[in-house]
Amino acid sequence: MAETHVLFVEDDDVIREATTLALERDGFVVTAMPDGLSGLESFRADRPDIALLDVMVPGMDGVSLCRRIRDESTVPVIMLSARADSIDVVLGLEAGADDYVTKPFDGSVLVARIRAVLRRFDHSGGPQNGGPNGADDSDAERGVLSFGDLEVDTEGMEVRRAGAAVALTPTEMRLLLEFSSAPGTVLSRDRLLERVWDYDWGGDTRVVDVHVQRLRTKIGQDRIETVRGFGYKLKA
């Protein structure tokens, strides 16, 4: 099995060295960089399997680096933030990060988050539920689900809106697949964390909220409805 290559951008020498050693003990190949500019150069040169970016790094901060990476690739990104209540968490997610971990963190927690993200990216198949209400049977048989002007190809992992291709990250795609498997059904944030983010423990629902908003900007603001106090649902 191929080794997983991790790009780790962290300016604190102690944290960078200790985390690198912990990840290497778990079988990861790690390229560690002390600032955002060298991190971007390394990303372009090495094309890692996943990027871990500290929010506060010199040269180019982690949020800006995440945006640059997202402009060029759908590689998974995990942000590292020193404060759970920081606006940096939301900014990082809005920039295209798939998840975040709060510092100080336990090495086993970080490894678990990395493996959860990689599992999501490895699982390209969509939900196995039956076709949605109102979907054309022939379309459903070939894995194409239709919701108004939105088409979701669950086999080809492609999305079209009014005939135009919509570029989604793998996390956004899995989120849309979860919604399209049960159109009209309210899905709680906890369920989405479990099914899309592969959390079998409690997680921060801001991750869900920001990804839903990002998805809305791509497939239509009114396509996913907020059900206050319960969660979200895809309009059939």
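A few points on the structure. Note that the structure is a prediction, hence the values are computed from the model and not measured. Counting starts from 1 at the beginning of each chain's written sequence and moves along it residue by residue. Predicted model: local features are reported for residues with pLDDT of at least 70 only, side-chain atom pairs are reported and counted for 80 or more only, and whole-chain, interface and lining totals are derived from all residues. Heavy atoms from the whole structure form the basis of all side-chain values; hydrogens and water molecules are not counted.

1. Remarks on helix 8 (residues 189-196)
Link 1 in the chain: Only protein chains enter the area calculation, which uses a 1.4 Å probe; residues under 20% of their type maximum are buried, those over 50% are exposed, and those in between are partly exposed. By definition, any uninterrupted DSSP run of H or I lasting at least four residues is a helix, any uninterrupted run of E lasting at least two residues is a strand, and each is numbered from the N terminus. Those residues of helix 8 not exposed but buried are Leu 192, Leu 193 and Val 196. Looking straight down helix 8, one finds its buried side chains confined to an arc of 100°; they lie on one side.
Link 2 in the chain: One or two residues past the end of helix 8 sits Asp 198, with phi positive at roughly 60°. Starting at the helix axis, one direction is taken to each C-beta atom, and the arc is that of these directions.

2. Remarks on the sheet that holds strand 9 (residues 164-166)
Link 1 in the chain: What makes two strands pair is DSSP finding at least two bridges between them. Taken together, the four strands give an open sheet; going across it, the order is 6-7-8-9, and neighbouring strands pair in antiparallel fashion. Pairing within the sheet leaves two strands with one partner each, and these edge strands are strand 6 (144-147) and strand 9. Across this sheet, the average inter-strand angle for adjacent strands is 25°, counted without regard to direction.
Link 2 in the chain: Bridge analysis of strand 7 (residues 150-153) against strand 8 (residues 158-161) gives four bridges, and the strand direction is antiparallel. Along strand 8, the bridge assignment pairs Glu 151 with Arg 160.
Link 3 in the chain: Residue contacts follow a heavy-atom distance rule, with two residues in contact if any of their heavy atoms lie within 4.5 Å. Only the stretch in contact is used when a helix axis is fitted, and all axes are lines through C-alpha atoms; the angle between N-to-C directions ranges over 0 to 180 degrees. The sheet strands contacting helix 7 (residues 170-180) are strand 6, strand 7 and strand 8, and the helix crosses strand 7 at an angle near 105°.

3. Details of the layout of surface pockets
Gaps left between atoms show up when a probe the size of a water molecule is rolled over them.
Link 1 in the chain: Both site types are read off a 1 Å grid over the protein atoms alone. A 1.4 Å probe that fits but cannot get out defines a cavity, while an open set with protein on both sides within 12 Å along at least five of seven lines defines a pocket; lining residues have an atom within 4 Å of a point. Grid points are joined across faces, edges and corners, and a volume is the space filled by probe spheres set on the points. Estimates place the volume of the largest pocket at around 350 Å³.
Link 2 in the chain: For the largest pocket, the lining is made up of 14 residues, of which Ala 2, Thr 4, Arg 115, Leu 118 and Asp 122 are closest to its centre.
Link 3 in the chain: Polar here means any residue outside two lists: the nonpolar Ala, Val, Leu, Ile, Met, Phe, Trp, Tyr, Cys and Pro, and the charged Asp, Glu, Lys and Arg; Gly therefore counts as polar. Here the lining of the largest pocket is composed, by residue class, of six nonpolar, two polar and six charged.

4. Points about the packing of helix 7 against helix 8
Link 1 in the chain: Running from N to C, helix 7 and helix 8 cross one another at 125°; their axes reach a closest spacing of 10 Å. In terms of orientation, helix 7 and helix 8 fall into the oblique class. As helix 7 runs across helix 8, the sense of the crossing is right-handed. In this structure, helix 7 contributes Thr 171, Arg 174, Leu 175, Glu 178 and Phe 179 to the contact, and helix 8 contributes Arg 191, Leu 192, Arg 195 and Val 196. In these notes the angle categories are as follows: under 35 degrees is roughly parallel, over 145 is roughly antiparallel, 65 to 115 is roughly perpendicular, and the rest is oblique. Less than a right angle of anticlockwise turn of the near helix away from the far helix marks a crossing as left-handed, whereas a clockwise turn marks it as right-handed.

5. Here we look at the environment of Arg 70
Link 1 in the chain: Tracing the sequence through the fold places Arg 70 in helix 3 (residues 62-72).
Link 2 in the chain: For Arg 70, a relative accessible area of 15% corresponds to the buried category.
Link 3 in the chain: In this structure the C-alpha to C-alpha distance between Arg 70 and Ala 97, which are 27 residues apart in sequence, comes to 8.3 Å.

Honestly, it's all geometry; don't read function into it.
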